Amino acid sequence: MLLDARDFREDYRRDQLLMEQTAADPFEQFAHWFEDAKQADITEPNAMTLATISAAGRPKARIVLLKQVLAEGFVFYTNYNSQKGQDLAANPVASLVFFWDALQRQVRIEGSVTKASSQTSTDYFHARPKGSQIGAAASPQSSVITGREVLEENVTTLENQYADANQLPRPDHWGGYVLTPDVFEFWQGRSSRLHDRIRYRHDGQDWIRERLAP
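Fair warning: this is a prediction, and the values are worked out from it, not measured in the lab. Chains are numbered independently. Their residues run from 1 in the order of the written sequence. This being a predicted model, a pLDDT of at least 70 is required before a residue's local features are given, and a value of 80 or more before pairs of side-chain atoms are given or counted; all residues contribute to the totals for chains, interfaces and linings. Excluding hydrogens and water, the side-chain figures rest on all heavy atoms present in the structure.

K.L.:
Report on the packing of aromatic side chains, specifying residues and quantitative values.
P.N.:
The pairing test for Phe, Tyr and Trp rings, Trp by its six-membered ring, is centres within 6.5 Å, and the orientation test on the planes gives stacked under 30 degrees, edge-to-face over 60, and tilted for anything in between. Summed over the entire model, instances satisfying the criterion amount to 20 aromatic pairs. Centroid distance Tyr 12 to Trp 187: 5.8 Å. Interplanar angle 85°. Geometry classified as edge-to-face. Of this pair, Tyr 12 sits in the segment before helix H1 (26–39) while Trp 187 sits in strand E7 (residues 174–188), placing them 175 residues apart in sequence. The buried category is assigned to Tyr 12, whose relative accessible area is 16%. Residues Phe 184 and Phe 186 carry aromatic rings whose centres are separated by 6.1 Å and whose planes lie at 5° to one another, so their mutual orientation is stacked. The pair formed by Phe 184 and Phe 186 is uniform in burial state, with each residue classed as buried. Members of the aromatic cluster, joined through ring pairs, are Phe 27, Phe 30, Trp 33, Phe 34, Phe 74, Phe 98, Trp 100, Phe 184, Phe 186, Tyr 200 and Trp 207. Each helix corresponds to a stretch of at least 4 residues labelled H or I by DSSP, and each strand to a stretch of at least 2 residues labelled E; elements are numbered beginning at the N terminus. Three exposure classes are used, based on accessible area relative to the maximum for each residue type with a 1.4 Å probe and protein chains only: buried under 20%, partly exposed in between, and exposed over 50%.

So this is what it looks like as structure tokens:
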């Protein structure tokens, strides 16, 4: 046995989640919990697991940062040529998971994914620090490179090229995605693993709330 984690246990007793405590709209419920996470001083409460499906049908997951919640959904930004971009081109569906351990809470969101508008992507790109703009333009994300010096050389070239500019043009291969949810699940840890789980699913017209067994 290389690792034995059978004795790692946490009995969750911090809070409960009753149906009458939840908002009728899952976006409103998410906003409440996200504010709680901010108030709890959780490091990067907008960090979320993004799970996609490759063209070969393999699930892939990584941590990305939520940057906006619009009326149409949850927005994150990346290189369109990255592994996640390739996955979303082949299978434009995804799942997000937020885990706020200090609150013993998790939120899972599923839905379809589309690219954000060009203007939305450009506006956000230019709101980033110049160094982050250079980093996005310099990195052929998810591609095999011979060494870190490849990135450093790309960065140096861009720094020289745009030395007198306050910002870079947004690369065509970089921008936002919007996940439009059709399922939310709010999870509150409870004692003896009898966790509270409230799911919202969209039936095409309305959000249906229901309790799931843990």
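On we go from here.
K.L.:
So what's going on with the pairing of strand E1 (residues 47–53)? Which residues, and what values?
P.N.:
Burial of E1 is one-sided: the residues Met 48, Leu 50 and Thr 52 facing one way are buried, the residues Ala 47, Thr 49, Ala 51 and Ile 53 facing the other way are not. Each pair of strands is called paired provided DSSP finds at least two bridges between the two strands. Note: E1 against strand E2 (residues 59–65), 7 bridges, orientation antiparallel. For Ala 51, the partnering residue across the bridge sits in E2 and is Ala 61. From the end of E1 to the start of E2, which pair antiparallel, there are 5 residues, and Gly 57 there has a positive phi angle of about 85°. One ladder, built from 3 bridges, connects E1 with strand E5 (residues 93–100); its direction is antiparallel.

K.L.:
Would you mind going over the packing of helix H4 (residues 130–138) against helix H5 (residues 148–161) in detail, with residue names and values included?
P.N.:
Lines fitted to the C-alpha atoms define the axes, with helices restricted to the stretch that makes contact. Angles between their N-to-C directions range from 0 to 180 degrees. Contact geometry of H4 with H5 gives a least axis separation of 9 Å together with a crossing angle of 125°. The pairing of H4 with H5 is recorded here as oblique in orientation. As H4 runs across H5, the sense of the crossing is right-handed. Residues Ile 134, Ala 137 and Ala 138 of H4 form the contact with H5, whose participating residues are Leu 151, Asn 154, Val 155, Leu 158 and Glu 159. In the scheme used here, Gly and all other residues not listed as nonpolar or charged are polar, with Ala, Val, Leu, Ile, Met, Phe, Trp, Tyr, Cys and Pro taken as nonpolar and Asp, Glu, Lys and Arg as charged. Residue composition of the contact of H4 with H5, grouped by class: 6 nonpolar, 1 polar and 1 charged. For classification purposes, an angle smaller than 35 degrees is called roughly parallel, one larger than 145 roughly antiparallel, one from 65 to 115 roughly perpendicular, and anything else oblique. Each crossing gets its handedness from the near helix: less than a right angle anticlockwise from the far helix is left-handed, clockwise is right-handed. We call two residues in contact whenever any of their non-hydrogen atoms come within 4.5 Å of each other.

K.L.:
Tell me about the pairing of strand E4 (residues 73–79), residues and numbers included.
P.N.:
Where burial is concerned, most of E4 is hidden: 7 out of the 7 residues are buried. Bridge count between strand E3 (residues 68–70) and E4: 3 bridges; the pairing is antiparallel. Bridge assignment links Leu 70 to a residue of E4, and that residue is Gly 73. Taken together, E3 and the strand that follows it, E4, pair antiparallel across an intervening segment of 2 residues.

K.L.:
Could you give an account of the environment of Ala 127, with specific residues and numbers?
P.N.:
Within the secondary structure layout, Ala 127 lies in helix H3 (residues 118–127). Residue class for Ala 127 comes out exposed when judged on its relative accessible area of 60%.

K.L.:
Explain unusual backbone geometry residue by residue, including any values.
P.N.:
Unusually for a residue other than glycine, Gln 104 sits at a positive phi of about 55°. Here Gln 104 is to be found in the loop between E5 and strand E6 (105–115). Accessibility expressed as a relative area gives 12% for Gln 104, which makes it buried. Unlike most non-glycine residues, Arg 193 shows phi in positive territory, near 65°.

K.L.:
Go over the pattern of salt bridges, please, and point to the residues and values.
P.N.:
A side-chain nitrogen of Lys or Arg and a carboxyl oxygen of Asp or Glu constitute a salt bridge if their distance falls within 4 Å. Applying the stated rule across the entire model yields 15 salt bridges. Its salt-bridge partner being Arg 211, residue Asp 196 comes within 2.9 Å of it at the nearest N-O pair. Highlighted residues: Asp 196 in strand E8 (residues 196–202) and Arg 211 in strand E9 (residues 207–212), separated in sequence by 15 residues. The buried category is assigned to Asp 196, whose relative accessible area is 6%. Judged by its relative accessible area of 40%, Arg 211 is partly exposed. One salt-bridge network, in which partners are shared between bridges, spans Arg 108, Glu 110, Glu 185 and Arg 197.

K.L.:
Provide a residue-level description of the nonpolar core, including the pertinent values.
P.N.:
In this text, buried Ala, Val, Leu, Ile, Met, Phe, Trp, Tyr and Cys residues form a nonpolar core when linked through side-chain atoms within 4.5 Å. Core analysis: the largest hydrophobic core is formed by 28 residues, its most contacted members being Phe 30, Leu 96, Phe 98, Trp 100, Val 107, Ile 109 and Phe 186. Listed by contribution, the elements that provide at least two residues to this core are H1, E1, E4, E5, E6, E7 and E8. Aside from chain neighbours lying at most four places away, what touches Leu 96 is Met 48, Thr 49, Leu 50, Phe 74, Val 107, Arg 108, Ile 109 and Leu 179. Counting 13 residues, the second-largest nonpolar core is a separate cluster that includes Ala 116, Phe 125, Leu 158 and Val 178.

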